[in-house]
Amino acid sequence: MSNVDIAELAVLAVFVLVLSGVPISFSLIVTSFVGMFLITDKIDVAFNLLNAVAYSGIRDYVFAVIPLFILMGAFMTNSRAAESLFTAVHYLLKKVRAGLAIATVGANAIFAAVTGVSIASAAVFSNVAFPQMQRYGYSKRMSLGVVAGSSILGMLIPPSLLMILYGILTQVSIGKMFIAGLVPGIVLALMFSTYLFISSLFRPDKYGIESPKPNRFVLKAQKKTAARKLKHPDQNDPDEFSDQNERPSKLSLPGMMTQTIAIQTVEMSFGRAMLGAVPIVALVALVIGGIWGGLFSPTEASAVGAVGAMIIAPLMGMDWKKFMKSFQQTAISVGGILLLLIAASFFSRMLAASGFINQVSSFIQGLDFGPIALVIIFILILIVMGTILDSSSILLLAIPLMFPSVLALGIDPVWFGIVFIIAVEVGLLTPPFGMVPFAMNATLGKRASVEDIFAGSFPFVLIMLAFIVLLLLFPGLATWLPELLR
Amino acid sequence: MLARIDRLVSIVSVVFASLGAALIGLLALTVVADVVGRQIGVPVTGIVEMAAQTVVISAFLTIPYVMRRGGHIRATVLVSRTPPVVRKTLEALAYIIGAIIFALLAYAAWEAFTEDFVKASYEGEGALRIPTWPTRLTIFLASILMIIESLLAATKTFFEVKK
């Protein structure tokens, strides 16, 4: 059996193990160890490499960016950041058609700048925006689709965990990836908003426009608030922010917030509506602006962001319990992601040692596709992978195999990174197994079926695919800003 | 008996993870201190090397707790559609694989630890030299804890299947 045969079997073994529900990091480590032993025929080599990846695989200053941005994200997701942003954007858009839906997209775009994980955004906005849209008579599927679709901005607008991992794996500067994501993120958010606006002209009933009569949600909510105000005249709806529907679930990833909220946005004064959003926007400006302005390295920016979030969240009313919960969630995500990173680097070193990576890239280049055709094939593979795996695992598995060919064909690595991320995110919204709808279902429980969420996100999937086509036609969307700031 | 061991192991894992999380918080503060220090002309030495070691240490400290909380990323899409017996058997298999790989790592890390400890190896240069053995030791201890957590989880799954 040749070394390449061994590597092929190892790749197959990983797929079998992963689909059997073995944690992805475990699957990668066990196959890499066995593979390395079979390739070299020396057990010592396998032990040495395992030890080396465990110790030095993540032992670098650059890697500090991962736990620190996760810490910042955990504090922001557990705070009232998403709710404050949503209130502020909704206030600004209250006279606009489909304003509530567009506010969800806008708030998600800003929230994306304090968190790096789509699934966390989806869970938070399921609690913040979905009940509000229901209350205002928006159709259920539409409301769910907006939340699911706009949550993918979390991975596109910096800081983004996927961009960090991509940068680490490919040696592309993380700061450059962060800059490159901005224009695509904003354009995609605008495309989502335009779609919502136009669609509300054709189907106003879906956007609660032709129902001036308050529906039962409104009546119920008003009755509840009135009753409470009678009981506690000077208190500000304390129950509304309690964990009413927290339920444990396999999919409850770190960073999920379980709050039900009733914001009486429309009656608020301008100042009060904006007040909550100010510290968050300031933090975003400091962290992202600091990277773009060359003031901070990504690692430094992540530390500034984490410390800033730890200060802002308690000021916005985070209690001790939530404070500790943020640390707990950080511990869970950090351990999971970093072990995955160690495992992936073990796996890719084993594949490299076997000669498999060279074989794959010479095979791909031997097919003699043009760069565009190749990227399209990669996109299709990524979308399929996105329906089974989570986005970080896909990136860690696919990049070592795809990236050499990307470089060999002279494709811009920054541009490819952005296309890669959007393609993976399309997969996360695609039936039957895309992860975002499942995460939302885990948060919303019986209020929303997975099928409804998939159906609602379908228009957004189409918009994202259209956006990928735009990126293929106009690569400048992703490359213009990083080149300008170089 | 099993419940007792489980509670004890759980405490150890929580202590490890708390240390890990605290280190991450501390890392954030140190890096910010470094940024501020440089602005006012008082740079903190050795931050880069210390941050690098902290990433490894905090990762391994949290890994056993992640295991306990079922947080290691896995694809459950197919498995969740199989009958409970199949699902539980596969789950037990996953835990046994976990125990095996961390036994391998514990073995490798112990050798590296004793070697680094005897030779007093360090990373970094100049004013701040950081010994490498604490990181090696953390990897070893966390691996041992992972073996115990994995075997415990496998045992618990086994009893669930029997029921």
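Residues numbered from 1 in each chain as written. Chains lettered and ligands numbered in written order. Predicted model: local features only at pLDDT ≥ 70, side-chain atom pairs only at ≥ 80, totals over all residues. Heavy atoms only, no water.

**Observations regarding the overall build of chain A**
Looking only at helices and strands, chain A features 24 helices and zero strands. Per-residue burial for chain A yields a buried fraction of 63% across its 486 residues. Long-range pairs, those at least 24 residues apart, make up 78% of the contacts in chain A with a sequence separation of at least 6. If you sum the accessible surface of chain A, you get close to 18,300 Å²; carbon and sulfur atoms cover 66% of it. (Helix = DSSP H or I, 4+ residues; strand = E, 2+ residues; numbered from the N terminus. Buried < 20%, exposed > 50% of the residue type's maximum accessible area, 1.4 Å probe, protein only. Contact = heavy atoms within 4.5 Å. Areas by Shrake-Rupley, 256 points an atom, 1.4 Å probe, with all protein chains shown as cover.)

**What to know about the overall build of chain B**
Summing up its helical and strand segments, chain B has four helices and two strands in all. When the helices and strands of chain B are placed in sequence order, the string is α-α-α-β-β-α. Its C-alpha atoms give chain B a radius of gyration of 20 Å, clearly above 15 Å, the size a compact globule of 163 residues would have. With respect to the principal axes defined by its C-alpha atoms, chain B has extents near 65 × 35 × 30 Å. (Rg over C-alpha atoms; globule rule 2.2 N^0.38 Å.)

**Regarding the pattern of salt bridges**
Inspection of the entire model under this criterion finds eleven salt bridges over all chains. Across the pair aspartate 452 of chain A and arginine 141 of chain A runs a salt bridge whose closest N-O atoms are separated by 2.9 Å. Taken together, the positions of aspartate 452 of chain A in helix 23 (residues 450-473) and arginine 141 of chain A in helix 9 (residues 140-151) put the pair 311 residues apart, joining distant regions of the chain. Taking the relative accessible area as the measure of exposure, arginine 141 of chain A reaches 44% and is therefore partly exposed. Notably, a salt bridge pairs aspartate 6 of chain B with arginine 68 of chain B, separated by 2.9 Å at the nearest N-O pair. Here arginine 68 of chain B lies in helix 2 (residues 47-68) and aspartate 6 of chain B lies in helix 1 (residues 2-39), a separation of 62 residues in the sequence. Overall, aspartate 6 of chain B belongs to the buried group, its relative accessible area being 17%. Members of the salt-bridge network, linked through shared partners, are Asp6, Arg68, Glu149 and Lys156 of chain B. (Salt bridge = Lys/Arg side-chain N within 4 Å of Asp/Glu carboxyl O.)

**A few points about the environment of alanine 353 of chain A**
As for its placement among the helices and strands, alanine 353 of chain A is situated in helix 17 (residues 320-354). When the C-alpha atoms of alanine 353 of chain A and methionine 36 of chain A are compared, they prove to be 8.0 Å apart, with 317 residues separating the residues in sequence.

**Some remarks on the packing of aromatic side chains**
Tallied over the full model, the rule gives 23 aromatic pairs over all chains. Pairing phenylalanine 33 of chain A with phenylalanine 47 of chain A gives two aromatic rings, centres 5.1 Å apart and planes at 75 degrees, and the pair type is edge-to-face. One end of the pair, phenylalanine 33 of chain A, is in helix 2 (residues 24-40); the other, phenylalanine 47 of chain A, is in helix 3 (residues 43-56), and 14 residues separate them in sequence. Across this residue pair, the class does not change: phenylalanine 33 of chain A and phenylalanine 47 of chain A are buried. Sitting above the plane of the tyrosine 91 of chain A ring, lysine 94 of chain A keeps its charged end 4.1 Å from the centroid. In this structure, arginine 136 of chain B is placed above the aromatic ring of tyrosine 55 of chain A, and the distance from its NZ or CZ to the ring centre is 3.8 Å. (Phe/Tyr/Trp six-rings, centres within 6.5 Å; stacked < 30°, edge-to-face > 60°. Lys NZ or Arg CZ within 6 Å of the ring centre and 35° of its normal.)

**Observations regarding unusual backbone geometry**
Here proline 158 of chain A and proline 159 of chain A are connected by a cis peptide whose omega angle stands at -10 degrees. Among the structural elements, proline 159 of chain A can be located in the loop between helix 10 (153-156) and helix 11 (161-170). Here glutamine 171 of chain A, not a glycine, exhibits a phi torsion of approximately 70 degrees, which is positive. With respect to the helices, strands and loops of the structure, glutamine 171 of chain A is situated in the loop between helix 11 and helix 12 (174-202). The phi dihedral of alanine 120 of chain B falls on the positive side, at around 50 degrees, and the residue is not glycine. Mapping alanine 120 of chain B onto the fold places it in the loop between helix 3 (84-119) and strand 1 (122-123).

**Looking at helix 1 (residues 3-19) of chain A**
Working note: α-helix, 3.6 residues per turn, so residues spaced by three or four point in the same direction. Residue and element names in this part refer to chain A. If you check helix 1, its first and last C-alpha atoms are 25 Å apart, about what 17 residues at 1.5 Å a residue would give, namely 24 Å. The complete set of buried residues in helix 1 reads Val4, Ile6, Ala7, Ala10, Val11, Val14, Leu17 and Val18. Across the axial projection of helix 1, the buried residues extend over an arc of 155 degrees, all falling on one side. Exposed residues on helix 1 whose side chains face more than 90 degrees from its buried face are Leu12 and Val16. (Expected span 1.5 Å × (residues − 1). Arc of directions from axis to C-beta.)

**So, the packing of helix 3 of chain B against helix 4 (residues 133-162) of chain B**
Residue and element names in this part refer to chain B. It is at 7 Å that the axes of helix 3 and helix 4 come closest, and there the two elements cross at 160 degrees. In this view, helix 3 runs roughly antiparallel relative to helix 4, as classed from their interaxial angle. The handedness of the crossing between helix 3 and helix 4 comes out as left-handed. Its residues assigned to classes, the contact of helix 3 with helix 4 comprises 24 nonpolar, four polar and five charged. (Axes fitted to C-alpha atoms, helices over the stretch in contact; angles between N-to-C directions. Parallel < 35°, antiparallel > 145°, perpendicular 65-115°, else oblique. Left-handed = near helix turned anticlockwise from the far one by under 90°. Nonpolar A, V, L, I, M, F, W, Y, C, P; charged D, E, K, R; others polar.)

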